[in-house]
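Structural description and commentary
In case you want the letters, here they are:
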Amino acid sequence: MFSSFLKTLPQISIFHNPSSPASVRALAMLRSALSAPYPPDKQDAPPLQFNLEIVERTPPTPDQIKTIMSYLQPKGSENPQYSAILSAHASAPGFSEQPQTAAAISNLVARNPEALKWPLVVDWHGGRASVGDVDGVKTILEALRQRRDGGVKDDVNRPTGWFS
């Protein structure tokens, strides 16, 4: 009876740069998933439900970068590979000059937005992130669809007892 109180909408953030074609496509895909049937080829499917936060031209904070890196790195890996979120743009630092801390990455991107692979899309509740491509966004949306359609159980720790 009260289990509906435990459900929360997933929180999706997109760190968006309007000058990046991939970022523009990713944002359009996220907005479409909220307002049109998802998946798009099933016209009787409802739209996905999630909170979308659009962070335009602002890099993630150092704490957000640490969390994003934990979503991106393989299980059991201890050292985050910050190069995964840095672009190959000519103004970005070379491999030997790349920052090695989350704070340094955040500072670099604040000074030089072209140093980041745009977009950064993060599913904070699902522990997923996509950097620099639309395919990763499709993966995040598919995971949300599976959760909506009952293919994946919620990870919420529900109390057991009389009402469960």
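See the structure above.
Here's what I pulled together on the structure shown here. (Residues numbered from 1 in each chain as written. Predicted model: local features only at pLDDT ≥ 70, side-chain atom pairs only at ≥ 80, totals over all residues. Heavy atoms only, no water.)

Remarks on the environment of Q81
Looking at the secondary structure, you find Q81 in the loop between α2 (62-72) and α3 (102-111). Residues Q81 and S70 lie 11 residues apart in sequence; the distance between their C-alpha atoms is 9.8 Å. (Helix = DSSP H or I, 4+ residues; strand = E, 2+ residues; numbered from the N terminus.)

Thoughts on the pairing of strand β2 (residues 51-56)
Where strand β1 (residues 11-16) lies against β2, six bridges are found, and the strand directions are parallel. Within β2, the position partnered with H16 by the bridge is E56. Crossover β1 to β2 through helix α1 (residues 21-35) is right-handed. (Pairing = 2+ DSSP bridges. Right-handed = clockwise from strand over helix to strand, strands pointing away.)

A closer look at α2
Along α2, the residues classified as buried are I65, I68 and M69. The buried residues of α2 all sit within an arc of 100° when viewed along its axis, so they share a single face. Facing away from the buried side of α2 by over 90 degrees, the exposed positions are D63 and K66. (Buried < 20%, exposed > 50% of the residue type's maximum accessible area, 1.4 Å probe, protein only. Arc of directions from axis to C-beta.)

Details of the pattern of salt bridges
As enumerated under the stated definition, the model contains six salt bridges in all. We note a salt bridge from E142 to R145, for which the minimum N-O separation is 2.5 Å. Here the residue E142 and the residue R145 both occupy positions in helix α4 (residues 134-148), the gap between them amounting to three residues, near one helical turn. Since its relative accessible area comes to 28%, E142 is described here as partly exposed. Overall, R145 belongs to the buried group, its relative accessible area being 19%. A salt bridge links R145 to D149, with the shortest nitrogen-to-oxygen separation between them at 2.8 Å. (Salt bridge = Lys/Arg side-chain N within 4 Å of Asp/Glu carboxyl O.)

Take it as geometry only, folks, not as evidence of what the structure does.
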